[in-house]
Amino acid sequence: MSTGYVVFAHGSSIESANEAVRKVASEMARRGGLDVVEAAFLEGGQPSLAGALASMADRVTHVVVVPYFLTLGLHLKRDLPRLIEEVKQTHPNVRIDVAPPLDQHPAMVDA
């Protein structure tokens, strides 16, 4: 099973903020030796989650969405599950899992 990763962030009207998320995704791919890593945005940036999934759906059978959010707030409780269900309708053969937000990672204390 080939796995792709989506670094999912809120997005911003300030493009340099979106580019910073894209750099995180790129560095994640480089350090992890991962072939398929995309950034995606809820709003204010491109691609959307649906766009990122569409770009990788022919290369992967499994996608892990990595929320680039500190806490489990409204966007992760309400918006992300809705978006996941929408993309599952478009790509039913791709398994989609969601990692926990950053605040649950032990390295956050060291950061």
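For the structure itself, consult the block above.
About the criteria used
Residues numbered from 1 in each chain as written. Predicted model: local features only at pLDDT ≥ 70, side-chain atom pairs only at ≥ 80, totals over all residues. Heavy atoms only, no water. Pairing = 2+ DSSP bridges. Helix = DSSP H or I, 4+ residues; strand = E, 2+ residues; numbered from the N terminus. Axes fitted to C-alpha atoms, helices over the stretch in contact; angles between N-to-C directions. Core = buried A, V, L, I, M, F, W, Y, C linked by side-chain atoms within 4.5 Å. Buried < 20%, exposed > 50% of the residue type's maximum accessible area, 1.4 Å probe, protein only. Contact = heavy atoms within 4.5 Å.

Observations regarding the sheet that holds strand β4 (residues 95-98)
Logical step 1: Strand order in the open sheet formed by four strands is β2-β1-β3-β4, and the pairing between neighbours is parallel. Both edges of this open sheet fall to β2 (37-41) and β4, since each of them pairs with a single strand only. Strand-to-strand, the axes of this sheet are offset by a mean angle of 25°, without reference to chain direction.
Logical step 2: Here strand β3 (residues 62-67) pairs with β4 via four bridges, running parallel. Within the sheet, the bridge partner assigned to V63 lies in β4 and is I96.

Thoughts on the nonpolar core
Logical step 1: In terms of nonpolar packing, the biggest core is built from 21 residues, with V6, F8, L49, V63, V65 and I96 touching the most fellow members.
Logical step 2: Of all the elements in the fold, those that place two or more residues in this core are β1 (3-9), α2 (49-56), β3 and α3 (74-90).
Logical step 3: With five residues, α3 is the largest single contributor of residues to this core.
Logical step 4: If we skip the residues at most four places from it in the chain, V6 touches E38, A40, L49, A52, L53, M56, V63, V64, V65 and V66.

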